[in-house]
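Fold and contact review
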Amino acid sequence: MARLGSVEAPLGAGVPSSVPAIPATTATSRHSALVRITHWITTLCFLALLVSGAEIVISHPRFYWGENGNDLTPTLFKLPIPSSRALVPTGYGYVLPDQNGWSRYLHFQAAWIAVLTGLLYMVFGFLTGHFRKDLIPAKADLSWRGLFAAIATHLRFERPDQSGAESYNVLQRSTYLLVIFVLFPLVIWTGLAMSPAFVSAVPASVTLLGGRQSARTLHFFVSLALLLFLIVHVVMVGLAGFKSRTRAMITGRTGAQLERT
Amino acid sequence: MTDLSRRKLIVTGLAATAAGVTGLAVTSRIAQEYGLVPPDHGGIYGLGETLNYASQRLLARHSLAREFPQSQISRPPFANEIPPLNDAFKRLQAGGFADWRLTVDGMVDRPASFSLSQLRSYPSRSQITQLACEEGWSYVAEWAGVPLSHILDVVGIHPQARYIVYFSIDPDWWDSIDMADAMHPQTFLAYGLNGNELPVGNGGPLRMRLPRQLGYKNVKFITHLTVTDNMKEFGSGLGSASPEGGYAWYAGI
């Protein structure tokens with residue numbers, strides 16, 4: 001198996017022999033079935049939202065702040081890309097094909113499935129103690145020393161030891177909590193704030209953000225933050241051992257458990 | 001896995017499936033009854049489209065779109081691309097739109113044809129609302145017009161009416177709304193913009209204006225309204241020209 005980084009190691013070498021054997025009674029999965037299912041549904045939805053969202057941005061790659069924003073108003077910033085609309089002044093001499101119809105249909109369909117899946121995950125997470133047990137960092141880990149140690153480990157691109165296959169470290173826990181409880185709610189809120197019917201019922205949803213165009217700009221940046229998370233997440237999974245980590249998220253079993261069976 | 005837990009699993013699974021199927025059937029009946037199913041509910045994106053429409057009808061059937069102070073008006077008003085104007089339009093434009101007609105037919109007691117001056121003689125309303133395009137841009141403007149509900153009162157719609165279908169002078173451009181939007185106080189047949197006549201670039205002389213849906217439902221150059229209880233008779237039966245072109249019928253989001 002090819003590994004990222006300079007370490008070329010055969011499969012299974014990621015488990016140092018010095019790691020104390022885990023008691024055979026540990027029959028529980030690394031990830032519960034509900035976490036695994038909601039993880040992959042969310043993955044599919046997020047990819048669909050990303051592609052369709054990018055297509056919608058291409059139809060007007062200009063961003064604004066406040067309520068008004070169009071070809072006649074000053075921009076906050078422009079993306080240096082061509083557009084799928086002829087009227088948008090992009091500086092390019094050609095117009096891309098319009099993909100907004102299916103993109104909008106897909107965007108909302110994926111959003112609904114993602115939100116319903118997220119609600120299921122939230123209810124499950126609170127009822128089973130998943131957040132408390134698996135995601136809230138231990139007090140000891142939250143000390144500056146613990147945090148610096150974890151950051152240093154990451155900066156040295158050190159491969160995690162076996163504890164990394166059984167549990168999340170403090171940086172992972174903080175990042176997952178940030179994604180679940182801050183970025184996802186924000187991206188839903190800023191998305192809904194662009195719905196003219198939704199804001200007619202809940203005007204504060206858009207006025208608190210500073211207006212429709214502010215909501216759109218924030219939606220774009222929160223989406224970028226989620227994309228950044230996705231990239232770092234996949235790279236970290238690759239560094240930790242793509243096959244074993246992905247297998248754990250599909251079957252629930254870690255490499256160590258597999259070897260014992 | 002023991003036999004007992006396997007049996008339990010199968011029984012639970014069957015019960016959940018039965019409950020799910022019954023629940024879906026009941027939900028579907030209720031949704032049809034309360035008008036929560038959009039005409040383009042079929043196909044692979046029907047789920048998302050139906051959830052958008054149903055949830056927003058439940059949440060925002062009567063809510064009012066935000067109105068803004070004069071200071072928020074975007075000047076000059078943005079006029080986006082319009083399709084090439086046909087000869088019929090150009091002829092009417094040459095005559096200063098004096099012969100422009102809005103015909104209203106379908107499920108009405110008194111089919112009628114209105115000139116622009118007749119429409120202007122009805123109580124005029126204005127609103128400073130936002131027009132937001134599905135592409136992402138938006139502008140706030142003051143729109144003047146006659147509420148669509150007023151015209152529907154004049155012609156007397158039948159109680160079984162469910163949709164208002166509206167047609168542009170461009171024969172490929174038509175759309176429809178449900179009665180919640182048709183009777184909504186901010187749904188206008190607009191003929192004025194920022195204190196002037198509605199410019200051609202913004203849909204003049206007559207444009208459908210419904211601020212709780214995105215720009216593309218605000219069809220320009222309106223000449224014809226039909227009241228119906230069934231969208232199947234129009235085009236491909238998907239509610240408007242938009243789903244036929246790949247866009248959702250409902251544009252409240």
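Model, not experiment: these values are computed from the prediction.

**Looking at the overall build of chain B**
A tally of helices and strands in chain B yields seven helices and 10 strands. Dimensions of chain B along its principal axes, counting C-alpha atoms only, are 85 × 40 × 30 Å. Relative to its 253 residues, chain B shows a buried fraction of 43%.

**Thoughts on the overall build of chain A**
When you go through chain A residue by residue, the secondary structure sums to 10 helices and two strands. When the helices and strands of chain A are read in sequence order from the N terminus, they spell out α-β-β-α-α-α-α-α-α-α-α-α.

**As for the sheet that holds strand 6 (residues 174-178) of chain B**
All names here are of chain B. Taken in spatial order, the five strands of this open sheet run 2-1-10-5-6, and their pairing is mixed. Of all strands in the sheet, those bounded by a partner on one side alone are strand 2 (112-115) and strand 6. Neighbour-to-neighbour, the strand axes of the sheet open up by a mean angle of 20°, direction not taken into account.

**Remarks on the interface of chain B and chain A**
Contact residues are listed per partner, giving 38 residues for chain B and 33 residues for chain A. When contributions to the side of chain B that touches chain A are tallied by element, the ones reaching two or more residues are helix 2 (46-60), strand 3 (125-132) and strand 4 (138-147) of chain B. The element that contributes the greatest number of residues to the side of chain B that touches chain A is helix 2 of chain B, accounting for eight residues. Of the residues belonging to the side of chain B that touches chain A, the class tally is 18 nonpolar, 14 polar and six charged.

**Comments concerning the environment of Ala94(B)**
Residues and elements named next belong to chain B. Looking at where Ala94 falls in the secondary structure, it is placed in helix 3 (residues 87-94). Its 9 C-beta neighbours within 10 Å are what place Ala94 among the exposed residues. The spatial distance from the C-alpha of Ala94 to the C-alpha of Ala161 is 36 Å, given a sequence separation of 67 residues.

**Some points on unusual backbone geometry**
Residues and elements named next belong to chain B. Residues Arg75 and Pro76 are joined by a peptide bond in cis, for which omega reads -10°. By the element assignment, Pro76 lies in the loop between helix 2 and helix 3. Cis geometry is found at the peptide bond from Gly204 to Pro205, where omega equals 10°. Its identity as a non-glycine residue notwithstanding, Phe97 has a phi of 60°, on the positive side. As for its placement among the helices and strands, Phe97 is situated in the loop between helix 3 and strand 1 (101-106). Using a count of 19 C-beta atoms within 10 Å as the deciding quantity, one classes Phe97 as partly exposed. At Asn194, a residue that is not glycine, the phi angle is positive and equals roughly 50°. Examined against the element boundaries, Asn194 turns out to sit in the loop between strand 7 (188-193) and strand 8 (196-197).

**Brief notes about the nonpolar core**
Counting residues in each nonpolar core, the largest one holds 80 residues, and the members touching the most others are Ile164(B), Val165(B), Tyr166(B), Leu189(B), Ala190(B), Leu206(B) and Ile222(B). Beyond its immediate chain neighbours, meaning those up to four positions away, Leu206(B) contacts Trp100(B), Leu102(B), Leu116(B), Leu189(B), Tyr191(B), Phe221(B) and Ile222(B).

**What to know about the packing of helix 1 (residues 33-58) of chain A against helix 2 (residues 100-127) of chain A**
All names here are of chain A. In contact at an axis separation of 8 Å, helix 1 and helix 2 are set at 155° when each is read in the N-to-C sense. Regarding the angle of helix 1 to helix 2, the classification is roughly antiparallel. Judged by the twist between their axes, the crossing of helix 1 over helix 2 is left-handed. Tallied by class, the residues present in the contact of helix 1 with helix 2 amount to 15 nonpolar, eight polar and two charged.

**Comments concerning the confidence of the model for chain A**
Chain-level pLDDT for chain A is 86 on average; 87% of the residues reach the 70-or-more range. Here residues 1-26 of chain A scores under 50 on pLDDT; set against residues more than four positions off or in separate chains, the count is 25 contacts.

**As for the pairing of strand 4 of chain B**
Residue and element names in this part refer to chain B. For strand 4, a buried count of nine out of 10 residues is recorded, marking the element as mostly surrounded by other parts of the structure. As paired strands, strand 3 and strand 4 are joined by eight bridges and run antiparallel to one another. What sits directly across from Leu131, in strand 4, is Tyr139. Linkage of strand 3 to strand 4, two consecutive antiparallel strands, is achieved through a turn of five residues, within which Gly136 is found at a positive phi near 135°.

**Regarding the pairing of strand 10 (residues 222-228) of chain B**
Residue and element names in this part refer to chain B. Sheet topology note: the strand 1/strand 10 ladder contains four bridges and is parallel. The residue bridging Asp105 from the neighbouring strand is Thr226, located in strand 10. Sheet topology note: the strand 5 (residues 163-168)/strand 10 ladder contains six bridges and is antiparallel. Residue Tyr163 lies in a different strand from strand 10, and its bridge partner there is Thr228.

**Topic: helix 9 (residues 212-251) of chain A**
Along an α-helix, residues three or four positions apart point the same way, because every turn accommodates 3.6 residues. All names here are of chain A. Taking 1.5 Å per residue, 40 residues should reach 58 Å; helix 9 reaches only 43 Å between its end C-alpha atoms and comes up short. The sharpest bend along helix 9 reaches about 110° and sits at Gly241. Just downstream of helix 9 lies Gly252, where phi reads positive at about 90°.

**Quick look at helix 2 of chain B**
Taking 1.5 Å of rise per residue, 15 residues should cover 21 Å, and helix 2 of chain B covers 20 Å from first to last C-alpha, within 8% of that figure. All of the buried residues in helix 2 of chain B are Gly48(B), Glu49(B), Thr50(B), Asn52(B), Tyr53(B), Ala54(B), Gln56(B), Arg57(B) and Ala60(B).

**Brief notes about the environment of Arg62(A)**
Residues and elements named next belong to chain A. Residue placement: Arg62 occurs in strand 1 (residues 62-63). Owing to 23 C-beta atoms within 10 Å, Arg62 belongs among the buried residues under this scheme. It is 9.8 Å that separates the C-alpha atoms of Arg62 and Ile81, two residues lying 19 residues apart in sequence. Excluding anything up to four places from it in sequence, Arg62 contacts Thr75, Lys78 and Val88.

**Quick notes on the confidence of the model for chain B**
All names here are of chain B. On average, residues of chain B score 93 in pLDDT, and 98% of them are at 70 or above. Ranking the helices and strands of chain B by mean pLDDT puts strand 1 first, with 98, and helix 1 (residues 3-33) last, with 80. Both scores are given for the predicted complex: the pTM is 0.87, the ipTM 0.90.

What counts, and at which threshold
- In every chain, residue numbers begin from 1 and rise along the written sequence.
- Each chain is given a letter, starting from A, and each ligand a number, starting from 1, according to the order in which they appear as written.
- In view of the model being predicted, local features appear only for residues whose pLDDT reaches at least 70, and side-chain atom pairs are presented and counted only at 80 or more, with totals across whole chains, interfaces and linings using the full set of residues.
- Strands here are runs of E lasting at least two residues and helices are runs of H or I lasting at least four, both read from the DSSP assignment and numbered beginning at the N terminus.
- Any residue surrounded by 20 or more other C-beta atoms within 10 Å of its C-beta is treated as buried, while 12 or fewer makes it exposed and the intermediate range makes it partly exposed; C-beta atoms here are placed from the backbone.
- Pairing between two strands requires that DSSP report at least two bridges joining them.
- The axes are straight lines fitted to the C-alpha atoms, using for helices just the contacting stretch, and the angles between their N-to-C directions are given from 0 to 180°.
- Once C-beta atoms have been placed from the backbone, residue pairs whose C-beta atoms lie within 7 Å are recorded as contacts.
- The classification used treats Ala, Val, Leu, Ile, Met, Phe, Trp, Tyr, Cys and Pro as nonpolar, Asp, Glu, Lys and Arg as charged, and all other residues, Gly among them, as polar.
- Joining buried Ala, Val, Leu, Ile, Met, Phe, Trp, Tyr and Cys residues through C-beta atoms within 7 Å gives a set, and that set is a nonpolar core.
- Should an angle fall under 35 degrees it is called roughly parallel, over 145 degrees roughly antiparallel, and 65 to 115 degrees roughly perpendicular, with every other angle called oblique.
- Here a crossing is called left-handed whenever its near helix is offset anticlockwise from the far helix by less than a right angle, and right-handed whenever the offset is clockwise.
- Confidence per residue, as judged by the predictor, is encoded in pLDDT with a range of 0 to 100.
- In this analysis, the expected span of each helix is defined as 1.5 Å times one less than the number of residues it contains.
- The reported bend at a residue is simply the angle between two axes, fitted to the 7 residues ending at it and to the 7 residues beginning with it.

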